[in-house]
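# Geometric and topological summary
The residues making up each chain are set out below.
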Amino acid sequence: LAKTTQPISMDSYEGQEVNITCSHNNIATNDYITWYQQFPSQGPRFIIQGYKTKVTNEVASLFIPADRKSSTLSLPRVSLSDTAVYYCLVGGPSGGYQKVTFGTGTKLQVIP
Amino acid sequence: DVKVTQSSRYLVKRTGEKVFLECVQDMDHENMFWYRQDPGLGLRLIYFSYDVKMKEKGDIPEGYSVSREKKERFSLILESASTNQTSMYLCASGQGGLYEQYFGPGTRLTVT
């Protein structure tokens, strides 16, 4: 499984755009990149998934360069409720299962 | 909405006791997972199941076993609880392949 490295923590002011970068130098050809969000005392929640270039949904955007050795989760105009831990996962289908590993995540603190 | 429920939010057990943690999902998902989450270590996969009566070891299966007799239910068993199994336990379910995992609220287990 490809190992991921992401910052341990980040601070941002309300209303700013936040970019969290994850490096995954050993990503395999059939691996996808997935991001989850976890609030205190809750289980993680899926945010976005992509393979290459750019993916956007109602919550975030995911930017993946051509070499796919890194990816950036972009959260537009964060609010206090975006304070959470964000996990970058890399993995691909293994039989009927997406084999992934959760790392330690990035703790985002949004400041008023 | 997908719902993953876990039998208890908080549990206190004594060393040597047999502990059962139950997880139920209501979306007919093929895959179910058990993770434990510890400060500084992120989420670590204990076991997963891709079908009824089928199971696969995750990254840290030692000291645990699992049971999946029905598609919607996945149990984690600690045969003889030890203090180093004090942790937050999270259950998840998902479809096969690259589909997202849906997490339950977690069970905080304390072994004294």
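Quick note: structure is the one above.
On a predicted model such as this, the values are computed, not experimentally measured, just so you know.

### A word on the overall build of chain B
- A tally of regular secondary structure across chain B gives 0 helices and 11 strands.
- Along its sequence from the N terminus, chain B presents helices and strands in the succession β-β-β-β-β-β-β-β-β-β-β.
- For 112 residues, the compact-globule formula gives about 13 Å, and the C-alpha radius of gyration of chain B, at 13 Å, lands near that figure.
- Projected onto its principal axes, the C-alpha coordinates of chain B cover approximately 35 × 25 × 25 Å.
- Within chain B, counting contacts between residues at least 6 apart in sequence, those at least 24 apart form 55% of the total.
- Surface exposure of chain B reaches about 5,500 Å², of which carbon and sulfur atoms provide 49%.
- The distance from the centre of the 15 positive side-chain charges to the centre of the 15 negative ones in chain B is 7 Å.

### A look at the state of the cysteines
Residues and elements named next belong to chain B.
- The final tally for this structure, using the stated rule, is 2 disulfides over all chains.
- Disulfide pairing is shown between Cys23 and Cys91; the S-S distance is 1.8 Å. With the S-S dihedral at roughly -75°, the linkage between Cys23 and Cys91 falls on the left-handed side. Separated by 68 residues along the polypeptide, Cys23 in strand β3 (residues 19-25) and Cys91 in strand β9 (residues 87-94) bring together distant segments of the chain. One exposure class covers both Cys23 and Cys91, and it is buried.

### Things to note about the interface of chain B and chain A
- Each partner contributes to the interface: chain B provides 23 residues, whereas chain A provides 21 residues.
- Our count for the chain B to chain A interface comes out at 0 salt bridges.
- Linking chain B with chain A are 4 residue pairs in polar contact (both at pLDDT 80 or more), by the criterion used here.
- Listed by contribution, the elements that provide at least two residues to the side of chain B that touches chain A are β4 (31-38), β5 (42-51) and β10 (101-103) of chain B.
- Grouping the amino acids of the side of chain B that touches chain A by side-chain chemistry returns 11 nonpolar, 9 polar and 3 charged.

### Here's the deal with the environment of Gly105 of chain A
Residue and element names in this part refer to chain A.
- Here Gly105 shows up in the loop between β9 (97-99) and β10 (106-111).
- Taking relative accessible area as the criterion, Gly105 reaches 4% and is therefore assigned buried.
- For Gly105 and Ala84, which are 21 residues apart along the polypeptide, the C-alpha to C-alpha distance reads 9.7 Å.
- Each residue touching Gly105, except ones within four places of it in the same chain, is listed here: Gln6, Pro7, Ile8, Val85, Tyr86 and Tyr87.

About the thresholds
- Residues numbered from 1 in each chain as written.
- Chains lettered and ligands numbered in written order.
- Predicted model: local features only at pLDDT ≥ 70, side-chain atom pairs only at ≥ 80, totals over all residues.
- Heavy atoms only, no water.
- Helix = DSSP H or I, 4+ residues; strand = E, 2+ residues; numbered from the N terminus.
- Rg over C-alpha atoms; globule rule 2.2 N^0.38 Å.
- Contact = heavy atoms within 4.5 Å.
- Areas by Shrake-Rupley, 256 points an atom, 1.4 Å probe, with all protein chains shown as cover.
- Lys, Arg positive; Asp, Glu negative; His and termini not counted.
- Charge placed at Lys NZ, Arg CZ, Asp CG, Glu CD.
- Disulfide = S-S within 2.5 Å.
- Buried < 20%, exposed > 50% of the residue type's maximum accessible area, 1.4 Å probe, protein only.
- Salt bridge = Lys/Arg side-chain N within 4 Å of Asp/Glu carboxyl O.
- Polar contact = N/O pair within 3.5 Å; in protein donor to acceptor, adjacent residues only side chain to side chain.
- Nonpolar A, V, L, I, M, F, W, Y, C, P; charged D, E, K, R; others polar.

Geometry only, nothing functional implied.
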